[in-house]
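Residue-level structural notes
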Amino acid sequence: MSFLFDTHVHTSESSTCGEISGADMVEYYKLNRYDGIVITDHFKPREDDRRFGGLPWKERVDGQWLGYEEAKKRETADFTVLHGVEIRFKGYDNDYLVYGADKEFFYDHPEITETSVENFRKVINEYDGILLFQAHPFRNGMTVVQPHLLDGVEVYNGNASHNSRNSVANAWAELNMLRKLSGTDNHEPFRSTPGGIYFEERPTTENQFVELVKNGKYELKLPRGIVK
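Residues numbered from 1 in each chain as written. Predicted model: local features only at pLDDT ≥ 70, side-chain atom pairs only at ≥ 80, totals over all residues. Heavy atoms only, no water.

1. What about the overall build of the protein?
Defined as follows: We count a stretch as a helix when DSSP gives it H or I for four or more residues in a row; a strand needs E for two or more, and each element gets its number in order from the N terminus. Values of the radius of gyration come from C-alpha atoms, whereas the globule rule sets the reference at 2.2 Å times the count of residues to the power 0.38. The rule is simple: take the accessible area with a 1.4 Å probe, protein chains only, and divide by the maximum for that residue type; under 20% is buried, over 50% is exposed, in between is partly exposed. Contacts are assigned to residue pairs that have any heavy atoms within 4.5 Å of one another. Note on areas: Shrake-Rupley, 1.4 Å probe, and residue coverage restricted to the protein chains presented here. In summary, the charge assignment counts Lys and Arg as positive and Asp and Glu as negative, without counting His or the chain termini. By convention, charge coordinates are those of NZ in Lys, CZ in Arg, CG in Asp, or CD in Glu.
A tally of regular secondary structure across the protein gives six helices and ten strands. Taken over C-alpha atoms, the radius of gyration comes to 16 Å for the protein, in line with the 17 Å a tight globule of 228 residues would show. Within the protein, buried positions represent 56% of all 228 residues. Here the contacts in the protein between residues at least 6 apart in sequence split such that 70% fall between residues at least 24 apart. As displayed, the protein offers around 10,300 Å² of accessible surface, 47% of which is attributable to carbon and sulfur atoms. Of the side-chain charges in the protein, 27 are positive and 37 negative, and the distance between the mean point of each set is 4 Å.

Given below as structure tokens:
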């Protein structure tokens with residue numbers, strides 16, 4: 001038996017580009033026979049954050065969690081809702097998927113979005129249970145970073161609004177022996193080609209999700225002809 005999770009999902013409560021609520025996103029994935037999702041709403045530098053950028057840090061963190069909290073209310077015994085972050089740092093357009101960093105982590109590191117991926121890597125190295133993947137690293141405007149800064153790479157991004165050059169990302173991950181992820185980058189149903197990962201056991205907490213990914217206990221969901 002396998003459990004299918006989408007690793008890259010947005011909501012309208014926390015991402016300005018999200019078009020449907022966390023609750024409706026859960027219903028969409030249930031209808032499409034997923035077993036769970038990770039809500040990865042954007043967390044951007046102040047100058048890029050049109051919704052929460054003017055708020056004090058703690059309120060900014062709370063805002064990032066809103067979509068996840070609404071989705072979590074629809075969690076059931078056979079459908080799991082987990083939290084992640086798609087973070088961006090000041091001065092760069094790169095996006096990074098972060099798994100295993102809870103709200104207290106962000107409370108404890110104020111203005112971390114105003115720093116850099118290099119600084120973020122140093123910070124999370126002090127923690128055992130946080131993973132950092134570069135999202136869609138070969139999309140227009142992205143900068144390839146040193147592999148040692150990453151735990152892995154998103155090799156399939158299903159967002160139909162962008163050319164993520166998934167095959168290039170997959171080749172780069174293999175060259176640098178990095179973990180791979182597949183995700184839909186879902187902002188609205190029916191426009192993106194679904195991605196995700198299959199687990200042999202259901203992760204019910206962020207820590208379990210991180211451990212399964214860290215140990216390679218998953219398989220990628222990949223549409224035919226995009227990445228092998």
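2. Topic: the pattern of salt bridges
Put simply, the rule is: When a carboxyl oxygen of Asp or Glu lies within 4 Å of a side-chain nitrogen of Lys or Arg, that pair is called a salt bridge.
Evaluated as defined, the whole model comprises 17 salt bridges. Lys 72 is paired through a salt bridge with Glu 75; the nearest N and O atoms lie 3.0 Å apart. Look at Lys 72 and you get partly exposed, because its relative accessible area is 26%. Under the relative-accessibility criterion, Glu 75 is labelled partly exposed at 29%. Via salt bridges that share partners, Lys 58, Asp 62, Glu 69 and Lys 103 belong to a single interconnected network.

3. Describing the environment of His 187
Let me state the cut-off plainly: N or O atoms within 3.5 Å of each other form a polar contact, as long as, within protein, one can give a hydrogen and the other can take it, and as long as residues adjacent in sequence are counted only when both atoms are side-chain atoms.
Tracing the sequence through the fold places His 187 in the loop between strand E8 (179-183) and strand E9 (196-199). Through-space distance from the C-alpha of His 187 to that of Ser 12 is 8.0 Å; in sequence the pair is 175 residues apart. One polar contact links the side chain of His 187 to the main-chain carbonyl oxygen of Asp 185, over a distance of 3.0 Å.

4. What about empty space enclosed by the protein?
The condition is simple: Cavities and pockets are defined on a 1 Å grid built over the protein atoms alone: a cavity is a set of grid points where a 1.4 Å probe fits but cannot escape, while a pocket is an open set with protein on both sides within 12 Å along at least five of seven lines, and lining residues are those with an atom within 4 Å of any such point. Grid points are joined across faces, edges and corners, and a volume is the space filled by probe spheres set on the points. Three categories are distinguished: nonpolar for Ala, Val, Leu, Ile, Met, Phe, Trp, Tyr, Cys and Pro, charged for Asp, Glu, Lys and Arg, and polar for the others, with Gly belonging to the last.
Under the criterion given, the structure shown has one cavity of 30 Å³ or more. As for the largest cavity, its lining consists of 14 residues, of which Ser 14, His 42, Lys 44, Asp 49 and Phe 52 are closest to the centre. Going through the elements one at a time, strand E3 (42-43) and helix H2 (57-72) are the ones with two or more residues in the lining of the largest cavity. Top contributing element to the lining of the largest cavity by residue count: H2, with three residues. Each residue belonging to the lining of the largest cavity can be placed in one class, and the counts come to two nonpolar, six polar and six charged.

5. Remarks on H2
Note the following rule: What a helix is expected to span follows from its residue count: subtract one and scale by 1.5 Å.
Taking 1.5 Å as the rise per residue, H2 with 16 residues should run 22 Å; its terminal C-alpha atoms sit 23 Å apart, in good agreement. Those residues of H2 not exposed but buried are Trp 57, Arg 60, Val 61, Gly 63, Gln 64, Trp 65, Gly 67, Tyr 68 and Ala 71. On its buried face, H2 sits against helix H1 (22-31), strand E2 (36-39), E3, strand E4 (80-87), helix H3 (103-107) and helix H6 (206-214).

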